[in-house]
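Spelled out from the first residue to the last, the chains are:
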Amino acid sequence: MNETVICVVGNVATQPVYRELSTGPSARFRLAVTARYWDREKSAWTDGHTNFFTVWANRQLAANVAACVEVGQPVVVQGRLKVRTEVRDGQQQWASADIDAVAIGHDLARGTAAFQRAAKPETPLTATRPEPNWETPRPADVADEDAPQPAPEPAAVT
């Protein structure tokens, strides 16, 4: 709740780094996002300022990023923006913008891609447990004739 969700389009600037952590797979890479604008004086498109984001992917998204994202490829990233600031060496202020990715895909406006569904990860084999018996046992002292009988169904009117 109250998170900044963004969608950015840019180029992969660094090779994705994949790690197996105790919480599951994780991958990260840097994304370069350069603003472009039409320069009326030159009658041409001109590159503006470049922003760099560190993109973090987790679980299955991390494995898929490691398998198919490479440096230089145009991608679209959607996720939660996290901006951190800290002071280094006691005087220099440093800021970083991270994106906790929810979705990452190739930018099809700038090329083609062939989608391939990822194989489901194999679940570790566990000992099968028997299904619990949820039925309430009948008391032994109740006779069959004393048991409540279901009400007859009403007759259909034709």
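Below you will find a few notes about this structure. (Residues numbered from 1 in each chain as written. Predicted model: local features only at pLDDT ≥ 70, side-chain atom pairs only at ≥ 80, totals over all residues. Heavy atoms only, no water.)

1. Digging into the overall build of the chain
Then, in step 1: Helices and strands together make up the secondary structure of the chain, namely 1 helix and 6 strands.
Then, in step 2: Its helices and strands in sequence order give the chain the pattern β-β-β-β-α-β-β, from N to C terminus.
Then, in step 3: For the chain, the residues scored as buried account for 22% of the 158 residues in total.
Then, in step 4: Considering only intrachain contacts with a sequence separation of at least 6, the fraction spanning at least 24 residues in the chain is 56%.
Then, in step 5: Carbon and sulfur atoms make up 52% of the accessible area of the chain, which amounts to about 13100 Å² in all. (Helix = DSSP H or I, 4+ residues; strand = E, 2+ residues; numbered from the N terminus. Buried < 20%, exposed > 50% of the residue type's maximum accessible area, 1.4 Å probe, protein only. Contact = heavy atoms within 4.5 Å. Areas by Shrake-Rupley, 256 points an atom, 1.4 Å probe, with all protein chains shown as cover.)

2. Structural notes on the packing of aromatic side chains
Then, in step 1: Scanning the model with the defined rule gives 1 aromatic pair in all.
Then, in step 2: Arranged with centres 5.6 Å apart and planes meeting at 75 degrees, the rings of W38 and W45 form a pair that is edge-to-face.
Then, in step 3: W38 gets classed as partly exposed once you look at its relative accessible area, which sits at 44%. (Phe/Tyr/Trp six-rings, centres within 6.5 Å; stacked < 30°, edge-to-face > 60°.)

3. A word on the pairing of strand 5 (residues 74–88)
Then, in step 1: Relative to strand 5, strand 1 (residues 5–12) runs antiparallel, the two sharing 7 bridges. From the neighbouring strand, V9 faces strand 5, where its bridge partner is V76. (Pairing = 2+ DSSP bridges.)

4. What to know about the layout of surface pockets
Then, in step 1: Volume-wise, the largest pocket comes out at about 590 Å³.
Then, in step 2: In terms of lining residues, the largest pocket is bounded by 18 residues, among which C68, H106, A114, F115 and Q116 are the most central.
Then, in step 3: Only helix 1 (59–68) and strand 6 (92–106) provide two or more residues apiece to the lining of the largest pocket.
Then, in step 4: Looking at which element gives the most residues to the lining of the largest pocket, the answer is helix 1, with 5 residues.
Then, in step 5: Each residue belonging to the lining of the largest pocket can be placed in one class, and the counts come to 12 nonpolar, 5 polar and 1 charged.
Then, in step 6: In this structure, the second largest pocket spans a volume of roughly 180 Å³.
Then, in step 7: Residue lining of the second largest pocket: V9, G10, N11, A32, V33, T34, R36, D47 and R110, and that is the complete set. (1 Å grid on protein atoms, 1.4 Å probe; cavity = no way out; pocket = protein on both sides within 12 Å on 5 of 7 lines; lining within 4 Å. Points joined across faces, edges and corners; volume = space filled by probe spheres on them. Nonpolar A, V, L, I, M, F, W, Y, C, P; charged D, E, K, R; others polar.)

5. Regarding the pattern of salt bridges
Then, in step 1: Summed over the entire model, instances satisfying the criterion amount to 5 salt bridges.
Then, in step 2: Between E3 and R80 there is a salt bridge, with its nearest N and O atoms 3.8 Å apart. Here the residue E3 occupies a position in the segment before strand 1, and R80 occupies one in strand 5, the gap between them amounting to 77 residues. (Salt bridge = Lys/Arg side-chain N within 4 Å of Asp/Glu carboxyl O.)

6. Description of unusual backbone geometry
Then, in step 1: Even without being glycine, S43 reaches a positive phi, approximately 55 degrees.
Then, in step 2: Take S43: its relative accessible area is 52%, and that puts it in the exposed class.

7. With respect to helix 1
Then, in step 1: By the burial criterion, the buried members of helix 1 are L61, A62 and V65. The buried residues of helix 1 all sit within an arc of 100 degrees when viewed along its axis, so they share a single face. Among the exposed residues of helix 1, those oriented more than 90 degrees off its buried face are R59 and A67.
Then, in step 2: Contacts from the buried residues of helix 1 go to strand 2 (17–21), strand 3 (24–39), strand 4 (44–58) and strand 6. (Arc of directions from axis to C-beta.)

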